[in-house]
Amino acid sequence: MCGIVGYTGPSQAAPILLEGLAKLEYRGYDSAGLAVRDGSALAEVVKATGKLAHLADKTDQGRALPGTCGIGHTRWATHGDPSMVNAHPHVSGNCSGSGSGTVESDVVGVHNGIIENFAELKDKLLRHGYQFYSDTDTEVVVKLVDYYYNKYRIGPVDAINRMMVRVRGSYALALMFKDYPGEIYAARKDSPLIIGVADDAAYLASDVPAILKHTRSVYYIGNQQAARVCPGQVTFYDLNGDEIQLPQTEITWDAEAAEKGGYEHFMLKEIHEQPAAVRDTLKSLLKDGALSLADTGLTDETLQGLGQIEIVACGSAWHVGMAAQYVIEDLAGVPVRVELASEYRYRNAPVPKNTLMVVISQSGETADSLAALRVARERGLETLAVVNVIGSTIAREADHVLYTVAGPEIAVATTKAYSAQLIALDALAVRLAAVRGAISEEEVQRLTDELAAIPDKISRILEDKDRIQWFSSKIANAHDIFFIGRGLDYAISLEGSLKMKEISYIHSEAYAAGELKHGTISLIENNTLVVGVLTQPKLFEKTVSNMAECKARGAYLMGLTTHGNYAVEDSVDFTVYVPKTDEHFVPSLAVIPLQLLGYYTSVNRGLDVDKPRNLAKSVTVE
Ligand code: F6R
């Protein structure tokens, strides 16, 4: 959600900023803008609605904007509609129009996040003679910095610190001050922002891909910390204005990992990267061939003493939790509750002692998941984060971290991060069962071997993707699709349904198959597609019966099951098989055809697969 970039150094800034913004397109946006300075007191501000290409066209790919210091932004609208006037950057000076053109303003800034008390702050600023041209909370925060800067005649860092004390909400901010040419000031709370320094230049960005071409060493600014970014140099400050030292983190993945690498879409590339993502994640949890959670810092004593696990997450990560619930309860006998982070944070559910809270998040920045983590910590729970992005806020704030090793995920619809999370939770379940003596050593070994075989089985499914491509061309005009299953098959249905609707815009629902008769079956009409997930031996016949009930009302049926269950072909119109594995781990295989189904349906409908409308990759607002 929203992307921020900044550059100061010897080169022309605008082309570098545009290139950086292009790498952040995956985050989701509806308008974009740049502010560039050439050392004078003036800033050149250019904005455009729609695709980044419009901004690039307007500025001749950035070449038309002179200046070696600048900031850029892609906006995902929160306060105010997606329009020129609301697009960032925003300026502190009173001006008419959209705040663009050549402006002489003390402060110019871009922002990612939400300022919750912006209305109250706006009133205060209006009373002090400020005028507003946009509906954004960003214009308020830029003017608030300007207010402190001018009222107390203090430096940028002190003005930013006063602002940070006064605002409530989340922000990553990059600001330029008229009196400080060649410098960018940054501050953050709960929204991502990184800074990289290379030779005689410095870069700011919301995420690593935007600056990876220039440097692999990055700083993660902490909450309520500020930075002064100059060519080749960065200085960090705490809320008191005192200088602080921050560690540098080395990014280990290659720039190519964030490129399409010959695939038509990032999503297809990431679907194909799943064998590696699963293998690498599992490898990171194996020590001398045995599963180990030692690197997370979770001790065997903690695992043995657990009375309950609470899994909290959003979207697909929540679906991973839903699957893990069945596996952990079945293998380790520990009760599991799975909560939507957006609900959990506002509920006051009594929590038994010895509860471990597991937060699952690819980005490690999802606002609701982060808030839930903080609530859990306030309640005194031990917390484990299962996170993909190293150094992200959730990873830093949890007591323990289990990093999935999926590499950068660019497509908005998650695939490889989901699979990496799933294998991580399966490994956790097996280790938990082993430590608690819930299963024999032979069983632990057998399950570990089964997990190790998953990546090759995923590769085999991917080799057969043409069938799914063919089937998706038949269903591309569907109006409604239902995904049904019981137990773990229900958890897979949830993810299959989300993959379908978020990128194909076809309405779809996932139902626990036994629930159909309690209302949903009235929606089944002639040719409504019902996808039955039938991988769980004990539940197979029950779900087949539920599918037959749909068929009797005109539904068109697809069955998804494991090799060997060939009798299903008598009951359904189209069947997809995945290789056999232990029944607990089938979701890792069964989800692959459903990801492909969503992907090809979106392609067949001519949609923007990697950047579906209205969605953002990292949901950093509530
Ligand atoms: C769907 C999808 C989302 C994310 C959700 C949580 O394809 O990607 O539902 O799973 O927004 O994001 P993270 O895992 O970054 O917390």
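Shown above is the structure to which this text applies.
So, here's what we can say about the structure. What you are looking at is a predicted structure, and each value in this text was computed from that prediction instead of being measured.

What counts, and at which threshold
Residues numbered from 1 in each chain as written. Predicted model: local features only at pLDDT ≥ 70, side-chain atom pairs only at ≥ 80, totals over all residues. Heavy atoms only, no water. Pairing = 2+ DSSP bridges. Helix = DSSP H or I, 4+ residues; strand = E, 2+ residues; numbered from the N terminus. Axes fitted to C-alpha atoms, helices over the stretch in contact; angles between N-to-C directions. Salt bridge = Lys/Arg side-chain N within 4 Å of Asp/Glu carboxyl O. Near = heavy atom within 4 Å. Polar contact = N/O pair within 3.5 Å; in protein donor to acceptor, adjacent residues only side chain to side chain. Areas by Shrake-Rupley, 256 points an atom, 1.4 Å probe, with all protein chains shown as cover. Domains from an automatic or database assignment. Core = buried A, V, L, I, M, F, W, Y, C linked by side-chain atoms within 4.5 Å. Buried < 20%, exposed > 50% of the residue type's maximum accessible area, 1.4 Å probe, protein only. Contact = heavy atoms within 4.5 Å. 1 Å grid on protein atoms, 1.4 Å probe; cavity = no way out; pocket = protein on both sides within 12 Å on 5 of 7 lines; lining within 4 Å. Points joined across faces, edges and corners; volume = space filled by probe spheres on them. Nonpolar A, V, L, I, M, F, W, Y, C, P; charged D, E, K, R; others polar.

## A word on the sheet that holds strand E20 (residues 336–340)
The strands making up a sheet are joined through hydrogen bonds of the backbone, oriented either antiparallel or parallel. In space, the 5 strands of this open sheet follow the order E20-E19-E21-E22-E23, with parallel pairing throughout. Strands with a single pairing partner mark the edges of an open sheet, and in this sheet they are E20 and strand E23 (400–403). The mean angle between the axes of side-by-side strands here comes to 20°, regardless of whether they run parallel or antiparallel. One ladder, built from 4 bridges, connects strand E22 (residues 382–387) with E23; its direction is parallel. Residue pairing across strands places Val386 opposite Leu402, the latter belonging to E23.

## Structural notes on the pattern of salt bridges
It is possible for side chains bearing opposite charge to pair when their charged atoms get close. Summed over all chains, the structure comprises 32 salt bridges. Residues joined by salt bridges that share partners form a network here, namely Glu443, Arg446, Glu450, Lys457 and Asp582.

## Quick word on the site of the ligand
Around the ligand, a shell composed of 14 residues is seen, among which Ser361, Gln362, Ser363, Thr366 and Glu502 lie nearest. A distance of 2.7 Å separates an oxygen atom of the ligand from a polar side-chain atom of Ser363. When the ligand sits alone it has 410 Å² of accessible area, and the protein chains cover 89% of it. Looking at the shell around the ligand, the elements that each hand over two or more residues are helix H9 (315–332) and helix H16 (488–504). Counting the residues that make up the shell around the ligand, at least three belong to each of domain 2 (258–459) and domain 3 (464–607).

## Some thoughts on the nonpolar core
Ile309, Ile311, Ile328, Ile360, Leu425, Ile481 and Met558 are the most contacted members of the largest nonpolar core, which totals 125 residues. Sort the elements by how many residues they give to this core and helix H13 (residues 416–435) lands first, with 12 residues. Look past the residues within four positions of Ile309 in its chain and what remains in contact with it is Ile328, Val334, Pro335, Val336, Arg337, Leu356, Val358 and Leu432. Counting 30 residues, the second largest nonpolar core, distinct from the first, contains Tyr148, Val157, Phe177 and Ala226.

## Comments concerning empty space enclosed by the protein
The final tally for this structure, using the stated rule, is 2 cavities of 30 Å³ or more. In this structure, the largest cavity spans a volume of roughly 60 Å³. Forming the walls of the largest cavity are Cys2, Arg75, Trp76, Thr78, His79, His88, His111, Gly113, Thr136, Asp137 and Thr138. Those elements giving two or more residues to the lining of the largest cavity turn out to be strand E7 (107–115) and helix H4 (137–151). Considered class by class, the residues forming the lining of the largest cavity number 2 nonpolar, 7 polar and 2 charged. Empty space within the second largest cavity amounts to approximately 40 Å³. Forming the boundary of the second largest cavity are Arg37, Ala41, Leu42, Ala43, Val103, Ser105, Asp106, Val108, Met176, Phe177 and Lys178. Partitioning the lining of the second largest cavity into residue classes produces 7 nonpolar, 1 polar and 3 charged.

## Examining the sheet that holds strand E8 (residues 169–177)
Across the sheet, 7 strands lie side by side as E5-E7-E8-E9-E13-E14-E15; this open sheet has antiparallel pairing. Whereas interior strands pair on both sides, the edge strands pair on one side only; in this sheet they are strand E5 (90–91) and strand E15 (243–244).

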